Amino acid sequence: MTTLESSLPTPTVIQHDRPLGGVRFDLTVTLLGLWFMVGLFVDGYAHNHGAVDNTFFTPYHALLYSGILAVGLFLGITQYRNIGKGYVFSRALPYGYNLSLIGVALFFVGGGFDLIWHSIAGFEANLSTLLSPAHLLLATAGFLILTGSLRAAWRRSRVAPTWCNLLPVVIALLMIVSLLTFFTQFSNAFAHAGGFVRMGGSRGYMDVLGVATILLPAALVAGVLIFGLRRWRLPFGAVTLILTVNAAAMMLVEWNEMRPYAFVILAPLIAGIVGDLLLRRFKPSRANPLALRVFAFAVPFVLYASYFLLLIARAGI
């Protein structure tokens with residue numbers, strides 16, 4: 001090695017490296033994603049209660065899109081700074097967040113598509129609002145954004161099941177459940193309890209609707225929880241938080257209908273406590289499949305058994 005070569009600075013970043021993220025980075029992105037989720041449910045409440053005009057430009061959309069913009073700015077600035085430190089463009093974010101940044105771009109593309117769609121096809125109402133092509137594209141983009149902290153945490157070594165270590169994971173699981181139940185709110189018992197109290201129309205149709213209103217959200221909630229348990233032992237209280245906050249959000253989005261049945265919020269509280277106790281006592285995991293099966297059955301069973309018992313005791317069905 002020549003004298004000139006030995007005097008050159010040694011690169012501090014290897015091109016195939018990625019910057020480190022960590023729990024603090026995950027929590028920042030997760031809380032910014034929570035801003036978006038609050039905007040989503042506020043917008044859903046506004047649509048369901050006639051508080052929006054036939055215009056794309058509403059304060060509810062502003063809240064929703066500003067949350068996405070905040071995520072995009074945080075990830076974009078982080079990527080720009082890391083490129084300046086020597087990281088290549090495609091590896092300038094911590095592992096798991098490239099798809100989140102793509103999701104931000106896709107969300108704003110979907111927003112433009114939504115604006116054009118409304119200009120051509122008008123504004124949807126009821127079920128069509130949830131299932132329009134533009135809104136499904138926005139839901140897909142939101143899913144990519146919100147799952148960033150899960151991808152990042154999944155890649156790292158296993159950690160102790162404490163709130164300090166797993167708070168971003170728990171909030172991310174809550175947001176994923178809530179995104180899925182938001183776009184299937186037409187078939188969710190915590191958005192439509194009145195249907196079990198006031199049966200009307202075709203009895204056969206109402207029976208089918210009632211079954212779907214239980215089975216679909218039960219599968220979504222249990223599926224997301226089981227996914228989380230494949231990798232982590234969730235801290236005590238996590239199941240209660242996920243079930244209760246999700247049910248409360250679904251009730252609020254249809255609050256005019258759900259106000260007389262607000263007492264059913266006790267059902268996810270009961271089921272969550274049962275789930276947390278099962279986690280602490282039996283530690284369900286891929287390595288303990290019997291306990292995992294018991295957990296997968298018990299949580300939704302207790303959730304909806306409590307739901308119906310509360311309805312029977314207070315309102316009749």
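See the structure shown above.
Residues numbered from 1 in each chain as written. Predicted model: local features only at pLDDT ≥ 70, side-chain atom pairs only at ≥ 80, totals over all residues. Heavy atoms only, no water.

Participant: Just checking my understanding: could you explain the overall build of the protein for this structure?
Facilitator: Counting its regular elements, the protein contains 14 helices and 0 strands. Along its sequence from the N terminus, the protein presents helices and strands in the succession α-α-α-α-α-α-α-α-α-α-α-α-α-α. In the protein, buried positions account for 46% of the 317 residues. Excluding contacts between residues fewer than 6 apart, the proportion of contacts in the protein whose partners are at least 24 apart in sequence is 79%. Accessible surface for the protein amounts to roughly 16,000 Å². Of this, 68% is attributable to carbon and sulfur atoms. (Helix = DSSP H or I, 4+ residues; strand = E, 2+ residues; numbered from the N terminus. Buried < 20%, exposed > 50% of the residue type's maximum accessible area, 1.4 Å probe, protein only. Contact = heavy atoms within 4.5 Å. Areas by Shrake-Rupley, 256 points an atom, 1.4 Å probe, with all protein chains shown as cover.)

Participant: Where do I start with the packing of aromatic side chains in this structure?
Facilitator: The description of an aromatic ring pair rests on the distance of the ring centres and on the angle between the ring planes. All chains considered together, the criterion is met by 16 aromatic pairs. Ring geometry for tryptophan 154 versus phenylalanine 227: centroids 5.2 Å apart, planes at 20 degrees, classification stacked. Here tryptophan 154 is found in helix 7 (residues 148–155), whereas its partner phenylalanine 227 is found in helix 10 (residues 203–229), with 73 residues between them in sequence. Look at phenylalanine 227 and you get partly exposed, because its relative accessible area is 34%. Measuring from ring centre to ring centre gives 5.1 Å for phenylalanine 190 and tyrosine 307, while their planes differ by 70 degrees; the resulting arrangement is edge-to-face. (Phe/Tyr/Trp six-rings, centres within 6.5 Å; stacked < 30°, edge-to-face > 60°.)

Participant: Can you help me understand the side chain of threonine 184 in this one?
Facilitator: Its location among the elements puts threonine 184 in the loop between helix 8 (163–182) and helix 9 (194–197). Overall, the relative accessible area of 17% leaves threonine 184 in the buried class. A distance of 2.8 Å separates the side chain of threonine 184 from the backbone oxygen of leucine 180, its partner in a polar contact. Apart from residues no more than four positions distant in its own chain, threonine 184 is found in contact with Leu216 and Leu220. (Polar contact = N/O pair within 3.5 Å; in protein donor to acceptor, adjacent residues only side chain to side chain.)

Participant: I tried to follow the nonpolar core on my own but got confused; where do I start?
Facilitator: Generally speaking, nonpolar side chains in soluble globular proteins are found buried as a group. Phe107, Phe190 and Tyr307 are the most contacted members of the largest nonpolar core, which totals 78 residues. By residue number, the principal contributor to this core is helix 8, which donates 12 residues. If we skip the residues at most four places from it in the chain, tyrosine 307 touches Ala189, Phe190, His192, Ala193, Phe196, Val264 and Ala267. (Core = buried A, V, L, I, M, F, W, Y, C linked by side-chain atoms within 4.5 Å.)

Participant: In this structure, what is going on with unusual backbone geometry? I would like to understand it.
Facilitator: One can expect most non-glycine residues to show negative phi and most peptide bonds to be in trans. Here lysine 283, not a glycine, exhibits a phi torsion of approximately 50 degrees, which is positive. For lysine 283, the position within the fold is in the loop between helix 13 (266–282) and helix 14 (289–314). According to the relative accessible area criterion, lysine 283 is partly exposed, its value standing at 38%.

Participant: Looking at this structure, how should I read a nonpolar patch on the surface?
Facilitator: Together, Phe236, Leu266, Leu269, Ile270, Ile273 and Leu277 make up a nonpolar patch on the protein surface, roughly 500 Å² of accessible area in all. One can find leucine 269 in helix 13. (Patch = residues over 30% accessible without salt bridge, like charges linked within 9 Å, V, L, I, M, F, W, Y side chains within 5 Å. Salt bridge = Lys/Arg side-chain N within 4 Å of Asp/Glu carboxyl O.)

Participant: Explain the environment of phenylalanine 297 here, please?
Facilitator: Turning to its location among the elements, phenylalanine 297 is positioned in helix 14. Judged by relative accessible area, which is 53%, phenylalanine 297 ranks as exposed. Through-space distance from the C-alpha of phenylalanine 297 to that of alanine 222 is 8.3 Å; in sequence the pair is 75 residues apart.

Participant: What's the story with the environment of leucine 64 in this structure? I'm lost.
Facilitator: In this fold, leucine 64 is placed in helix 3 (residues 59–84). In sequence terms leucine 64 and phenylalanine 41 are 23 residues apart; their C-alpha atoms lie 8.8 Å from each other. Other than its neighbours up to four places away in sequence, leucine 64 contacts Phe36, Gly39, Leu40, Asp43 and Phe107.

Participant: Would you mind going over the pattern of salt bridges with me for this structure?
Facilitator: Pairing between side chains of opposite charge can happen when the charged atoms of each approach one another. This structure, assessed with the given rule, holds 1 salt bridge. The partner of arginine 156 in a salt bridge is aspartate 26, with the nearest N and O atoms 2.4 Å apart. In this pair, arginine 156 sits in the loop between helix 7 and helix 8 while aspartate 26 sits in helix 2 (residues 23–48), placing the two residues 130 residues apart along the sequence. Its relative accessible area of 30% is what places arginine 156 among the partly exposed residues. Residue class for aspartate 26 comes out buried when judged on its relative accessible area of 2%.

Participant: What is the right way to read the side chain of threonine 244 from this model?
Facilitator: Looking at the secondary structure, you find threonine 244 in helix 11 (residues 238–253). Excluding its chain neighbours within four sequence positions, the residues that come into contact with threonine 244 are Ile265, Pro268 and Leu269.

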